Amino acid sequence: MIIGEKRLGSAVAQIPEKDMAFYKNGTLKMTKTDIDYKIERNTIVLKAGKYVHSVEIEGNVILEDNYFSMLPGEEKTISFTVADEENAPNIQISAYTIE
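Being a predicted model, the structure only gives us computed values, none of them experimental. Along each chain, residue indices are assigned from 1 in the same order as the chain's sequence is written. At least 70 in pLDDT is required for a residue's local features to be given in this predicted model, at least 80 for side-chain atom pairs to be given and counted, and no such filter applies to totals for whole chains, interfaces and linings, which use all residues. Calculation of side-chain values draws on the structure's entire complement of heavy atoms; hydrogens and water are dropped beforehand.

Novice: Describe the sheet that holds strand β10 (residues 91-98), listing the residues and the values that go with them.
Specialist: In space, the four strands of this open sheet follow the order β3-β10-β6-β8, with antiparallel pairing throughout. A strand with exactly one partner marks an edge of an open sheet, and here the two such strands are β3 (30-32) and β8 (67-70). Across this sheet, the average inter-strand angle for adjacent strands is 30°, counted without regard to direction. Two strands pair under a simple rule: DSSP has to find at least two bridges between them. To qualify as a helix, a DSSP run of H or I must reach at least 4 residues; to qualify as a strand, a run of E must reach at least 2; elements of each kind are numbered from the N terminus. Bridge count between strand β6 (residues 52-59) and β10: six bridges; the pairing is antiparallel. Angles here are taken between N-to-C directions and fall from 0 to 180 degrees, while the axes themselves are lines fitted to C-alpha atoms, restricted in helices to the stretch in contact.

Novice: Account for the nonpolar core, with residues named and values stated.
Specialist: Within this scheme, the nonpolar core is defined by two criteria: the residues are buried Ala, Val, Leu, Ile, Met, Phe, Trp, Tyr or Cys, and they are joined through side-chain atoms within 4.5 Å. Categorising residues by exposure relies on relative accessible area from a 1.4 Å probe, with only protein chains included: less than 20% of the type maximum marks a residue as buried, more than 50% marks it as exposed, and the intermediate range marks it as partly exposed. Core analysis: the largest hydrophobic core is formed by 15 residues, its most contacted members being Ile35, Ile44, Leu46, Val55, Ile57 and Ile93. Elements supplying a minimum of two residues to this core: β5 (43-47), β6, β8, β9 (75-82) and β10. Working rule for contacts: check all heavy atoms of both residues, and any pair within 4.5 Å makes them a contact. For Ile57, the contacting residues outside a window of four places in its chain are Ile44, Leu46, Leu63, Asp65, Asn66, Phe68, Ile78, Ile91, Gln92 and Ile93.

Novice: How would you summarise unusual backbone geometry if you had to cite specific residues and measurements?
Specialist: With phi around 50°, Arg41 is a residue other than glycine that occupies positive phi space. With respect to the helices and strands, Arg41 occurs in the loop between β4 (36-40) and β5.

Novice: Describe a nonpolar patch on the surface, listing the residues and the values that go with them.
Specialist: On the surface, Met30, Tyr51, Leu71 and Ile98 cluster together into a nonpolar patch covering about 320 Å² of accessible area. In this fold, Leu71 is placed in the loop between β8 and β9. The patches described consist of residues with a relative accessible area above 30% and no salt bridge, like charges being joined within 9 Å and nonpolar side chains (Val, Leu, Ile, Met, Phe, Trp, Tyr) within 5 Å. Here the accessible surface of atoms and residues is derived via Shrake-Rupley with a 1.4 Å probe, and residues count as covered only by protein chains that are part of the display. Counted as salt bridges are all cases of a side-chain nitrogen of Lys or Arg within 4 Å of a carboxyl oxygen of Asp or Glu.

Novice: Give a detailed account of the packing of aromatic side chains, specifying residues and quantitative values.
Specialist: Ring pairs shown here join Phe, Tyr and Trp side chains whose ring centres sit within 6.5 Å, with only the six-membered ring taken for Trp; geometry is labelled stacked below 30 degrees between planes, edge-to-face above 60, and tilted in between. The full count for this structure, using the stated rule, is zero aromatic pairs. Note on criteria: charge over ring means Lys NZ or Arg CZ within 6 Å of the ring centre, with the direction from the centre no more than 35 degrees off the ring normal. Over the ring of Phe68 we find Lys76, and its NZ or CZ is 4.9 Å from the ring centre.

This is the structure in structure tokens:
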């Protein structure tokens, strides 16, 4: 859902419902951090013990969401569908925080 527009010279930027931030490559000093998670059937349940700026989920699955931030104590459930039913799901989860 778009909640507004902003004119940028000759272009029009649409402002989405969710907050978004864009940073120049290399301006954020991010370090890998731990995040608690469990995989059950076709869901991944994640829980952040502290602020996690970037959670990245990759694998041979089709994910409901694969890149997001989490606040301390937040729990998030992500659904997925196995893309290749002949092989078991192969899911990698990485988490990064800002120094």
